[in-house]
Amino acid sequence: MRIFFIFLAFLFFLTSCTSDVIGVVLKNDIYSSRVNQIMNDHQEVKFHTLKKYLDEDVSIEYSGKLYNGKQNLIEVWESEFYYFSNVFFDKKEVLTTFNKDRSYTTIFKANWNAKGNFTSKTYTVYSFYEFKWKYDRINEIHVHWNNEPYYKEWDKLIKIKEYE
Amino acid sequence: MNRLYFLFLFLLISCSNPNQVGVVKNSDDLSLKLVTFINEYVDKNYKTLDSIFSDSVHLNLNNRVYKGILKLEDGLELYHKIYSEILIDSQFLCTFYLDDGSIKTFQKVNFITKNKITRNVGSIRAFFEYKWSDSNVVELSVVFDSETINKEVKLYKNSLKNLPIGN
């Protein structure tokens, strides 16, 4: 009888925890609140929380371009404010997944809004950020968005420089 | 009997998390439908479109808004007019089943493209968000860097203008 129960317990574990589920979705967890803080700080041109949680070997994939290392990432992050001001996010959604390999991934989805510093145009871009955590630090960031606002600001900047 | 209660309780505790609001899957029916859709799309096959997308699907393409499955089909066909070849380099997707009943799929696809006019080979890294209702996609948001595609659409339109009358 005891062997039967042990076998039953083993079978239950196998079937209950190994389905097609590859992770669970968490809300109000510590990782989501950290990313929320990072993105709120971003609107106020503050990078303290970001610097605090970045791994030294972090990599960022920014619309297909890859940057490695904490310092590079911070420079990329900060460079946004050379081209844009009044940056703010709306329609925000944050959630974290606890994955089958015991890693955590935080997803931040929002509309990025800003005013171009050179064209004075206002932009709204649907953006999707993926933060991958390793040992309590952000190890990878993947950003999906349309670079169009940058191209428009660069074009204007080049024209201004030509006249100078 | 007590052992069975104990077992049941143990299972509940072992598989639950107080902050858990849903689960993520990648080999469920909805995820597989979208894998089929994207694989068929690169082969210019739109057979599964009706069975996946709602007739009145809302489309958000780089913050440009469209409505209806016909608009979606037009948009999908446009890329095959611009590119002679569209291949999938890599793709990743997962579907979120949230406790509030909402279901959404996130899909990342890296396409390799060959321009019909310039013969240039390039890549498009696109992100798709699908919102489901009654097993149909009711909302699709797509984001990708539009710089390359805008240039290629221009080339394509110019090539149409240069066609001799009667072609």
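Scroll up to find the structure.
Residues numbered from 1 in each chain as written. Chains lettered and ligands numbered in written order. Predicted model: local features only at pLDDT ≥ 70, side-chain atom pairs only at ≥ 80, totals over all residues.

### Focus: unusual backbone geometry
- Even without being a glycine, Tyr135(A) presents a positive backbone phi close to 45°.
- The topology assignment puts Tyr135(A) in the loop between strand S6 (122-134) and strand S7 (137-144).
- A positive phi is found at Asn62(B), a non-glycine position, where the angle reads about 50°.
- Relative to the assigned elements, Asn62(B) resides in the loop between strand S2 (53-61) and strand S3 (64-67).
- According to the C-beta neighbour criterion, Asn62(B) is partly exposed, with 17 such atoms within 10 Å. (Helix = DSSP H or I, 4+ residues; strand = E, 2+ residues; numbered from the N terminus. Buried ≥ 20, exposed ≤ 12 C-beta atoms within 10 Å, placed from the backbone.)

### Thoughts on the interface of chain B and chain A
- Of the residues lining the interface, 29 residues belong to chain B; the matching set on chain A comes to 28 residues.
- Contributions of two or more residues to the side of chain B that touches chain A are made by helix H1 (2-14), strand S1 (20-25), strand S4 (83-98), strand S6 (121-133), strand S7 (136-143) and helix H5 (146-161) of chain B.
- Sort the elements by how many residues they give to the side of chain B that touches chain A and S1(B) lands first, with six residues.
- Classifying every residue of the side of chain B that touches chain A by side-chain character gives 12 nonpolar, 11 polar and six charged.
- In this sheet, S1(B) lies alongside strand S1 (residues 21-26) of chain A in antiparallel orientation, the contact comprising five bridges. Residue pairing for S1(B): Val21(A) is matched across the bridge by Lys25(B). (Contact = placed C-beta atoms within 7 Å. Nonpolar A, V, L, I, M, F, W, Y, C, P; charged D, E, K, R; others polar. Pairing = 2+ DSSP bridges.)

Such coordinate-based values are descriptive only and should not be taken to indicate function.
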